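Residue strings, one per chain:
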Amino acid sequence: RIVEIDLTFSLKFFLYMEWFDPRVTWRNLRPDIDLNVLTRAGDMELIFIPTFTFLNTDSVARSVVDEKTFVFCELRGNASKSPSHELEEAALYPGLENPMVYWRSYHQEFHCDFDLHYYPFDHQACTIEMWNDYPASSIELVAGDMKYSGPLSMMTFEVTGWSMAKT
C-alpha cells in the first residue's frame, strides 16, 4: 500500500538470513530442513542470531525472534563420528560448513520521499533501509535471490523493478 500524502509505503515481506557459526557443532542433522528446526523454548535462546534495524520506519523497528520466527540448520557439510568416550553415538556437523537459517514474515510501514513534481511522468524509488547491528567483520549482509510477488500494475503506480544494494 502506497500513501503519497503520508510519504509511506507498507509491505508484507519475508526476511531470510543465512549465516555460519564456527562455534556450533550440530548433532544428527537430517537432509530435510523441517527436521532441523530449533525450538523457541530451548535452542534459539542459546545460539547467536543476527539482528537488523529497519532505519526508515517510525519506531526504527528491528528484526525479532518470536513465535512467528523459524530458525533451522541446513545440512551441507560432512559428518564426523562422536568421540569414543561419549556414551551416545552421534554424527557431528561443524557450524562452519552447515549454515543456520532465519525466516520470518513482516508487515511494516516504511517512509519514502515522494517527489511528485513531474507526476505522472516521474519515477519514484522507495527503499527498505536495513542496518546490520553487528560489526561488518563478523556478519555481512549479502544480496541473494530477491523475488517480488505483489501486483505489478496498481491503480496509480506500476512496479517496474526491484534490487538490493549495499550502501
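In this text, all values refer to a predicted model and were calculated from it rather than measured experimentally.

Undergrad: Hey, could you go over the overall build of the chain for me, with residue numbers and the actual values?
TA: From N to C terminus, the chain includes zero helices and nine strands. Ordering the α and β elements of the chain from the N terminus gives β-β-β-β-β-β-β-β-β. The buried share among the 167 residues of the chain stands at 31%. Considering only contacts within the chain whose residues lie at least 6 apart along the sequence, 71% involve residues at least 24 apart. Of the roughly 11,900 Å² that the chain leaves accessible, carbon and sulfur atoms contribute 54%.

Undergrad: Explain the layout of surface pockets to me, and be specific about the residues and the numbers.
TA: Volume-wise, the second largest pocket comes out at about 180 Å³. Around the second largest pocket, the lining residues are Trp26, Arg27, Asn28, Leu29, Leu35, Asn36, Val37, Leu38, Asp43, Leu46 and Ile47. Split by residue class, the lining of the second largest pocket holds seven nonpolar, two polar and two charged.

Undergrad: Hey, could you go over the environment of Ser63 for me, with residue numbers and the actual values?
TA: Relative to the assigned elements, Ser63 resides in the loop between β4 (52–54) and β5 (70–73). Not counting residues within four places of it along the chain, the set of residues in contact with Ser63 comprises Leu15, Pro50, Thr51, Phe52, Phe54, Tyr102 and Tyr106.

Undergrad: Would you mind going over the nonpolar core in detail, with residue names and values included?
TA: Membership of the largest hydrophobic core comes to 24 residues, with the highest contact counts inside it found for Trp26, Ile49, Phe54, Val71 and Tyr102. Secondary-structure elements contributing two or more residues to this core are β2 (8–19), β4, β5 and β8 (100–111). Top contributing element to this core by residue count: β2, with five residues. Not counting residues up to four positions away in its chain, the partners in contact with Val71 are Asn36, Val37, Leu38, Met44, Ile47, Ile49, Val101 and Tyr102.

Rules used in this analysis
Residues numbered from 1 in each chain as written. Predicted model: local features only at pLDDT ≥ 70, side-chain atom pairs only at ≥ 80, totals over all residues. Heavy atoms only, no water. Helix = DSSP H or I, 4+ residues; strand = E, 2+ residues; numbered from the N terminus. Buried < 20%, exposed > 50% of the residue type's maximum accessible area, 1.4 Å probe, protein only. Contact = heavy atoms within 4.5 Å. Areas by Shrake-Rupley, 256 points an atom, 1.4 Å probe, with all protein chains shown as cover. 1 Å grid on protein atoms, 1.4 Å probe; cavity = no way out; pocket = protein on both sides within 12 Å on 5 of 7 lines; lining within 4 Å. Points joined across faces, edges and corners; volume = space filled by probe spheres on them. Nonpolar A, V, L, I, M, F, W, Y, C, P; charged D, E, K, R; others polar. Core = buried A, V, L, I, M, F, W, Y, C linked by side-chain atoms within 4.5 Å.

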